[in-house]
Amino acid sequence: MARWEPGARERLVLAAVDLFSEQGYDETTVTQIAERAGVTKSTFFRHFPDKRELLVAGQETLSRLLSEGITDAAPERSPLDAVAAGLERASGEMGPMNRELGPRLKAAVAASAELQERDALKGVGMAAAMTDALIERGVAEPTARLASEMGVLAFKQGFDRWAGAARADDDGLAGHALAAFAELREAAAALR
């Protein structure tokens with residue numbers, strides 16, 4: 001069995017998503033995931049504390065990228081423009097593996113209450129990171145929270161569209177996330 005091969009983390013995520021889809025989250029063991037990925041059980045635990053954490057792999061990176069995009073936005077940009085910059089930064093880092101996993105991951109989450117809870121916490125973490133970055137820019141807390149929640153919703157909608165879009169006419173996750181964000185901005189303006 002291979003130990004410390006390059007890409008072990010990615011192989012573990014792929015194996016878990018496949019097994020969750022095939023036999024369900026509750027029925028899948030860490031041992032099965034490790035075997036499918038071609039690593040030892042101890043290698044699994046070097047990368048993840050438990051199987052639930054597999055499905056939020058990269059959450060810290062995603063939150064950091066969203067926050068950095070907001071922080072790096074020009075000071076004169078509005079809170080919503082800064083959130084758009086965060087979406088663009090984070091979306092630009094998503095690659096083919098993220099896209100391939102999207103539909104399978106969504107199905108696995110839909111089939112497990114435990115994973116739905118973890119997925120909701122992921123959204124909370126993304127919103128908190130964006131809110132903190134906006135507050136650091138001097139944005140009032142209520143405005144920062146609202147802009148951040150819109151950003152999370154746009155990211156999720158954009159990701160769903162991107163994962164389901166035809167490859168030939170695709171403009172990447174950033175294009176889908178920013179289009180979803182523009183739609184939400186229009187909807188918010190219509191609330192007046």
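Anything mentioned here points back to the structure above.
None of the values given here were measured: they were computed from a predicted structure. (Residues numbered from 1 in each chain as written. Predicted model: local features only at pLDDT ≥ 70, side-chain atom pairs only at ≥ 80, totals over all residues. Heavy atoms only, no water.)

Some details on the nonpolar core
Line of reasoning, step 1. L66, I70, V83, L87, L134 and F181 are the most contacted members of the largest nonpolar core, which has 30 residues in total.
Line of reasoning, step 2. The set of elements that each furnish at least two residues to this core consists of α4 (59–72), α5 (79–91), α7 (113–136), α8 (141–164) and α9 (172–189).
Line of reasoning, step 3. Residue contributions to this core peak at nine residues, all from α8.
Line of reasoning, step 4. Beyond its immediate stretch of four places on either side in the chain, L87 contacts L66, G151, A154, F155, A177, L178 and F181.
Line of reasoning, step 5. Core analysis: the second largest hydrophobic core is formed by 22 residues, V17, F20, V30 and L115 among them. (Core = buried A, V, L, I, M, F, W, Y, C linked by side-chain atoms within 4.5 Å. Buried < 20%, exposed > 50% of the residue type's maximum accessible area, 1.4 Å probe, protein only. Helix = DSSP H or I, 4+ residues; strand = E, 2+ residues; numbered from the N terminus. Contact = heavy atoms within 4.5 Å.)

A word on the packing of α5 against α8
Line of reasoning, step 1. Two elements in contact, α5 and α8, have axes separated by 10 Å at closest approach and are oriented at 35°. The hand of the α5/α8 crossing is right-handed. Two secondary-structure elements touch here, α5 through P79, L80, V83, L87 and S91 and α8 through T143, A147, M150, G151, A154 and F155.
Line of reasoning, step 2. The residue inventory of the contact of α5 with α8, partitioned by class, reads eight nonpolar, three polar and no charged. (Axes fitted to C-alpha atoms, helices over the stretch in contact; angles between N-to-C directions. Left-handed = near helix turned anticlockwise from the far one by under 90°. Nonpolar A, V, L, I, M, F, W, Y, C, P; charged D, E, K, R; others polar.)

Quick look at the packing of aromatic side chains
Line of reasoning, step 1. For the coordinates displayed, the defined rule picks out five aromatic pairs.
Line of reasoning, step 2. With a centroid separation of 5.0 Å and 70° between ring planes, the pair formed by F20 and Y25 is classed as edge-to-face.
Line of reasoning, step 3. The residue whose ring lies beneath K51 is Y25, and the NZ or CZ to ring-centre distance is 4.3 Å. (Phe/Tyr/Trp six-rings, centres within 6.5 Å; stacked < 30°, edge-to-face > 60°. Lys NZ or Arg CZ within 6 Å of the ring centre and 35° of its normal.)

Thoughts on α8
Line of reasoning, step 1. Here α8 spans 35 Å end to end across 24 residues, near enough to the 34 Å set by a 1.5 Å rise per residue.
Line of reasoning, step 2. Within the sequence span of α8, burial applies to A144, A147, S148, M150, G151, V152, A154, F155, G158, F159, W162 and A163.
Line of reasoning, step 3. As for α8, its buried residues are in contact with α4, α5, α6 (96–110), α7 and α9. (Expected span 1.5 Å × (residues − 1).)

Focus: α6
Line of reasoning, step 1. An ideal rise of 1.5 Å per residue puts 21 Å on 15 residues; α6 measures up with 22 Å between its terminal C-alpha atoms.
Line of reasoning, step 2. Along its length, α6 shows its largest kink, about 40°, at G102, and proline P103 lies within four residues downstream of that point.
Line of reasoning, step 3. Residues of α6 that are buried: R99, L101, G102, A108 and V109.
Line of reasoning, step 4. Each element contacted by the buried residues of α6 is listed here: α1 (8–23), α7 and α8. (Bend = angle between axes of the 7 residues up to and from the residue.)

Some details on the pattern of salt bridges
Line of reasoning, step 1. Taken as a whole, this structure holds 11 salt bridges when the rule is applied.
Line of reasoning, step 2. With a closest N to O distance of 2.8 Å, R89 and D72 form a salt bridge. On the criterion of sequence distance, the pair formed by R89 in helix α5 and D72 in helix α4 is long-range, its members being 17 residues apart.
Line of reasoning, step 3. Exposure remark for R89: the relative accessible area of 30% places this residue in the partly exposed category.
Line of reasoning, step 4. Accessibility expressed as a relative area gives 53% for D72, which makes it exposed.
Line of reasoning, step 5. When the shortest N-O distance is used, the salt bridge between R185 and D81 registers 3.0 Å. In this pair, R185 sits in helix α9 while D81 sits in helix α5, placing the two residues 104 residues apart along the sequence.
Line of reasoning, step 6. Judged by relative accessible area, which is 25%, D81 ranks as partly exposed.
Line of reasoning, step 7. Salt bridges sharing common partners tie together R64, E68, D72 and R89. (Salt bridge = Lys/Arg side-chain N within 4 Å of Asp/Glu carboxyl O.)

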